[in-house]
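Listed below are the residues making up each chain.
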Amino acid sequence: MISFLMRRTIPRCRAYSSQTTSELTKVEVNEKTGVAVVTLNRPPVNGLNVAALRSLEKVIGDLETNKCKGLILSSSSKNIFCAGLDLTEIYKPDQEKLKSLWTAFQDLWIKLYGASFPTTAALNGHAIAGGCVLALSCDYRVMVPNSSIGLNETELGISPTAWIIASMQNVLSKRSVELALLQGRIYKTNQALEIGLIDEIANDKDETIKKCEEFIAKYSRVQSLAFSLTKRELRGKAISELTSNRQGDLQFFVDSINNPSVQKFLEKYLQSLKSKKN
Ligand SMILES: CC/C=C\CC/C=C/CC(=O)SCCNC(=O)CCNC(=O)[C@H](O)C(C)(C)COP(=O)(O)OP(=O)(O)OC[C@H]1O[C@@H](n2cnc3c(N)ncnc32)[C@H](O)[C@@H]1OP(=O)(O)O
């Protein structure tokens, strides 16, 4: 529960005076504003495995229960927000773990995309594939220069499912979504700003958080109930489409990942990531 976070403790970090740390997700709540900075903490790239997805989902659920005023999603890495699903979990996967992975991702998206408070992504680095989905699930995105963001699933040989497409359609024009998804395109920060995939550029991580705080502050005069009802009206259709087809969506993911050509690609892809250092 986040309630214990709201106890008065000695201020640690700027105005953020309440903090808890799980290994995978750190939470700091500003007692004055009620805004939470939630930091992904799975080095080296915040690869999303079941534990990381569940940890983040639980934090968002707790923030929801405790009537959080806003969320800033950040990362403990120097230059990576999130590199997407943990590739080692989808290459030669254990079938039960693969199902758990996608189910956890569905659950997290339902909570984050449908959150009843303003949500922002402070992108202090790359946000690829599943990492981009996290960013798109928020209401606002601020990114540092020279980073990359996008959904490269078609490059991997898989097709983004309806709720992932809906998250992108919520942000970009129909034309940009088509180009982005069909080409599996990854955008640099300035290109992402041009097409509207991010909302602002900030010089560094601190500034991404400051800009997210400023965005959330714009909602201070908006009534919480009206906010959440309006968001539900705007996003509810995509969420209910997934909730009514969880099993079909899961099967599509499992079949896509188990496709031999996808597995073959993943093998080469993982090797190419490893060999970058040599
Ligand atoms: C049917 C439904 C379909 C779609 C729905 C959505 C599905 C999403 C699927 C995914 O999310 S799959 C994940 C796709 N992610 C990527 O393609 C990103 C791959 N990574 C990169 O491009 C780069 O690592 C980076 C740009 C994020 C960072 O580059 P850099 O700073 O140069 O770091 P390294 O490349 O050296 O990486 C450090 C270390 O981390 C390993 N790694 C990178 N990404 C992942 C990952 N996603 N999962 C697991 N591990 C990853 C990399 O291999 C390095 O490992 P070492 O052992 O060599 O240190």
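Residues numbered from 1 in each chain as written. Predicted model: local features only at pLDDT ≥ 70, side-chain atom pairs only at ≥ 80, totals over all residues. Heavy atoms only, no water.

This part is about the site of the ligand. Lining the immediate environment of the ligand, one finds 29 residues, of which Leu87, Tyr269, Lys274, Lys276 and Lys277 sit closest. Between glycine 130 and the ligand, the recorded distance is 3.0 Å, taken from a backbone N or O atom to an oxygen atom. Measuring from an oxygen atom of the ligand, one finds a side-chain N or O atom of tyrosine 269 at 2.5 Å. Its free accessible area being 1,100 Å², the ligand has 84% of it covered by the protein chains. In terms of residue count, the dominant contributor to the shell around the ligand is helix H12 (residues 260-275) (three residues). (Near = heavy atom within 4 Å. Polar contact = N/O pair within 3.5 Å; in protein donor to acceptor, adjacent residues only side chain to side chain. Areas by Shrake-Rupley, 256 points an atom, 1.4 Å probe, with all protein chains shown as cover. Helix = DSSP H or I, 4+ residues; strand = E, 2+ residues; numbered from the N terminus.)

On the basis of which strands lie adjacent, the open sheet formed by four strands has the order E5-E7-E9-E10 and mixed pairing. Looking at strand neighbours, the two that pair on one side only are strand E5 (80-82) and strand E10 (186-188), the edges of this open sheet. Going across the sheet, the axis of each strand differs from the next one's by a mean of 30 degrees, ignoring polarity. Taken together, the three bridges between strand E9 (residues 148-150) and E10 define a ladder with antiparallel strand orientation. Paired with serine 148 across the strands is lysine 188, a residue of E10. (Pairing = 2+ DSSP bridges. Axes fitted to C-alpha atoms, helices over the stretch in contact; angles between N-to-C directions.)

Cis geometry marks the peptide bond from proline 43 to proline 44, where omega comes out at 5 degrees. Mapped onto the secondary structure, proline 44 falls in the loop between strand E3 (35-40) and helix H1 (50-65). Even without being a glycine, lysine 67 presents a positive backbone phi close to 55 degrees. We note that asparagine 146 has phi near 60 degrees; this positive angle belongs to a residue other than glycine. With respect to the helices and strands, the residue asparagine 146 is situated in the loop between strand E8 (140-143) and E9. Judged by relative accessible area, which is 66%, asparagine 146 ranks as exposed. (Buried < 20%, exposed > 50% of the residue type's maximum accessible area, 1.4 Å probe, protein only.)

Let us look at the nonpolar core. Counting residues in hydrophobic clusters, the biggest one holds 69 residues, and the most contacted among them are Leu134 and Ile149. The leading source of residues in this core is helix H3 (residues 95-113), at 10 residues. In this structure, isoleucine 149 is in contact with Leu123, Ala127, Cys132, Ala135, Met143, Arg185, Ile186, Tyr187, Ala192, Leu197 and Ile198, ignoring residues within four places of it in sequence. Residues Val35, Ile72, Ile209 and Phe215 belong to the second largest nonpolar core, which totals 11 residues. (Core = buried A, V, L, I, M, F, W, Y, C linked by side-chain atoms within 4.5 Å. Contact = heavy atoms within 4.5 Å.)

With respect to the helices, strands and loops of the structure, phenylalanine 117 is situated in the loop between H3 and strand E6 (119-123). Along the primary structure phenylalanine 117 and threonine 103 are separated by 14 residues, whereas in three dimensions their C-alpha atoms are 23 Å apart.

As a further point, take the side chain of glutamate 89. Of note, glutamate 89 is situated in helix H2 (residues 87-90). Buried and unpaired, glutamate 89 has no salt bridge, with lysine 97 as the nearest side chain of opposite charge at 4.3 Å. Glutamate 89 has contacts with Asn49, Lys97, Leu98 and Leu101, leaving out every residue within four places of it along the chain. (Lys, Arg positive; Asp, Glu negative; His and termini not counted. Salt bridge = Lys/Arg side-chain N within 4 Å of Asp/Glu carboxyl O.)

Both the distance between ring centres and the angle between the ring planes are used here to describe each pair of aromatic rings. If you walk through the whole model with that rule in mind, you get 10 aromatic pairs. Both rings, one in tyrosine 140 and one in phenylalanine 215, keep their centres 3.9 Å apart while their planes meet at 5 degrees; by these two values the pair is stacked. Of the two residues, tyrosine 140 sits in strand E8 while phenylalanine 215 sits in helix H9 (residues 205-217), which places them 75 residues apart along the sequence. When sorted by exposure, tyrosine 140 lands in the same class as phenylalanine 215, which is buried. For the ring pair phenylalanine 265 and tyrosine 269, a centre distance of 5.5 Å and an interplane angle of 25 degrees mean the geometry is stacked. Within this pair, phenylalanine 265 and its partner tyrosine 269 are both found in helix H12, separated by four residues, close to a single helical turn. Ring pairing ties together the aromatic residues Trp102, Phe105, Trp109, Tyr113, Trp163 and Phe253, which thus form one cluster. Between arginine 235 and the ring centre of tyrosine 113, over which it is positioned, the NZ or CZ distance is 4.6 Å. (Phe/Tyr/Trp six-rings, centres within 6.5 Å; stacked < 30°, edge-to-face > 60°. Lys NZ or Arg CZ within 6 Å of the ring centre and 35° of its normal.)

What is shown is where atoms sit, not what they do.
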